[in-house]
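Results of the structural survey
Okay, here's what each chain looks like letter by letter:
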Amino acid sequence: MINTMKPISSKEIRETFQKFFEKNDHLRIKSASIVPKNDPTLLFINSGMAPLKQYFTGEAIPPQKNLCNSQPCIRTIDIDDVGDRHHLTFFEMLGSWSINGYFKETAIKLAYDLLVNHFKFDPKRLVASVYKGNPDLKLEPDHESAKIWQSLGFDDDHIVYQDHADNFWGPAGETGPCGPCTEVFFDTGDEFGPKYKSGEHFDDTCRYIEIWNAGVFMEFNKEKDGSFSNLKFKSVDTGSGLERMCMVLNNHQTVYETDLLKPLIDENQKQIPNISTEQNRILADHCRAFTLMLAEGVRPSNEGRGYIPRRLIRKCLVIIHQHRAEFNFDTIFTLIQ
Ligand code: SER
């Protein structure tokens, strides 16, 4: 059993998150299309902050300093991981931002309040990661965030310093706003691996599941030559995957058991009774992703953005063909091969 909390629907989680931030002076803004506008660095919107990049650089003025929303995202780098417990190419990201407003202390305190007092997480089952720093890049360790978590009752076994690959987020694309981050992990319990002890290796692949990037502390702009310059002002960018949050809050062991994906899994099983678990997950994820892409006007093609739906559709057809050889897929295969 992952936790002892009451069942909660994805709709309720989405609303709880956004209402919490609204009550704390954030403006709820509309989500953007998954097709980026005026951003040649991205094929698809891959995070809640991607459509808001110009607010972080100061090139555009936000309607209010503090914002929140729920943003559909596509992560093409995760295509080959789909089939495991929680990787998805399409997911919804719950996000909150403070543009040139509050910084680390308020961001972490808000995260703690929402998780513990509203979603009712037991704080003993949460672990926070902070940035270890990187002398080569002249970036300091984030002791300030660690101290704030400490002030909230997190001891050394619940705070882990991680390196650049894990705790420095961005940019979304090759250049742009980025910074060190602090993430929150949920401890799914002894049956999923050894408990983390201060100073030991922190394994976030099984026992500890990331539920919220509770603050990217946007301070830097990554330039074309790979160097970091200072942004004009500091901002906070948070993001939590709705499917993963829904999985953890409902004691599920995979995102495919949540109300967001289970209906698709059940239908696939009905249509193809011999489908394997992994194939079923791939079909469920990829169908959601390419349906959204097609609905947003992206057409399969053999280059650029259109290559992604083509690849996803082709993978689904190969799976279906394996089980339904009686169907003639020749025409479709010719179109998308
Ligand atoms: N941009 C960060 C992320 O995607 C926080 O939202 O994890």
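A short tour of the structure in this document, coming up. Keep in mind it's a predicted model, so treat the numbers as computed, not measured.

Turning next to the packing of helix α7 (residues 262-271) against helix α8 (residues 277-295). For the pair α7 and α8, interaxial distance at closest approach is 9 Å and the crossing angle is 120 degrees. Between α7 and α8, the angle falls in the class oblique. In this structure, α7 crosses over α8, and the sense of that crossing is right-handed. Between α7 and α8, the residues in contact are L264, I265, N268 and Q269 and N280, R281, L283, A284 and R288, respectively. Taken together, the residues that form the contact of α7 with α8 break down as four nonpolar, three polar and two charged.

To continue, consider the site of the ligand. Taken together, S47, M49, R75, M93, W169, N213, V216, D237, T238 and G239 make up the full set of residues adjacent to the ligand. Contact between the ligand and W169: an oxygen atom at 3.4 Å from a side-chain N or O atom of the residue. Within the side chain of D237, one N or O atom sits 2.7 Å away from a nitrogen atom of the ligand. Protein burial of the ligand: of its 230 Å² of free accessible surface, 96% is covered by the chains. Going through the elements one at a time, β8 (208-222) and β9 (228-241) are the ones with two or more residues in the shell around the ligand. Of the residues that constitute the shell around the ligand, the class distribution is four nonpolar, four polar and two charged.

Let's shift gears to the pattern of salt bridges. Pairing is possible between side chains of opposite charge, provided their charged atoms come close. Counted according to the given criterion, the structure contains 15 salt bridges. With a shortest N-O distance of 2.9 Å, K104 and D142 are connected by a salt bridge. Within this pair, whereas K104 is found in helix α3 (residues 104-118), its partner D142 is found in the loop between β4 (126-131) and α4 (143-151), the two being separated by 38 residues in sequence. Owing to a relative accessible area of 7%, K104 belongs among the buried residues under this scheme. Across the pair D190 and R207 runs a salt bridge, and its minimum N-O distance is 2.9 Å. With D190 in the loop between β7 (176-187) and β8 and R207 in the loop between β7 and β8, the pair connects residues that are 17 residues apart, well separated along the chain. Residues joined by salt bridges that share partners form a network here, namely E15, K19, E22 and R28.

Let us look at the pairing of strand β3 (residues 90-99). Burial analysis of β3 places ten of its ten residues in the buried class, the great majority of the element. With burial as the criterion, each face of β3 is covered, one bearing F90, E92, L94, S96 and S98 and the other bearing F91, M93, G95, W97 and I99. Taken together, the seven bridges between β3 and β9 define a ladder with antiparallel strand orientation. Residue pairing in the sheet places M93 in a bridge with G241 of β9.

Turning our eyes to something else, we now look at the pairing of β9. Put simply, side chains in a regular strand alternate between the two faces of the sheet. As judged from the seven bridges shared by β8 and β9, these two strands associate in the antiparallel manner. Within β9, the position partnered with F217 by the bridge is V236. Here β8 folds back onto β9 in antiparallel fashion, the turn holding five residues, of which G226 has a positive phi close to 90 degrees.

To continue, consider the side chain of N221. Positionally, N221 belongs in strand β8. Within the structure, N221 has its side chain in polar contact with the side chain of E223 (distance 3.4 Å).

Conventions and cut-offs
- Residues numbered from 1 in each chain as written.
- Predicted model: local features only at pLDDT ≥ 70, side-chain atom pairs only at ≥ 80, totals over all residues.
- Heavy atoms only, no water.
- Axes fitted to C-alpha atoms, helices over the stretch in contact; angles between N-to-C directions.
- Helix = DSSP H or I, 4+ residues; strand = E, 2+ residues; numbered from the N terminus.
- Parallel < 35°, antiparallel > 145°, perpendicular 65-115°, else oblique.
- Left-handed = near helix turned anticlockwise from the far one by under 90°.
- Contact = heavy atoms within 4.5 Å.
- Nonpolar A, V, L, I, M, F, W, Y, C, P; charged D, E, K, R; others polar.
- Near = heavy atom within 4 Å.
- Polar contact = N/O pair within 3.5 Å; in protein donor to acceptor, adjacent residues only side chain to side chain.
- Areas by Shrake-Rupley, 256 points an atom, 1.4 Å probe, with all protein chains shown as cover.
- Salt bridge = Lys/Arg side-chain N within 4 Å of Asp/Glu carboxyl O.
- Buried < 20%, exposed > 50% of the residue type's maximum accessible area, 1.4 Å probe, protein only.
- Pairing = 2+ DSSP bridges.

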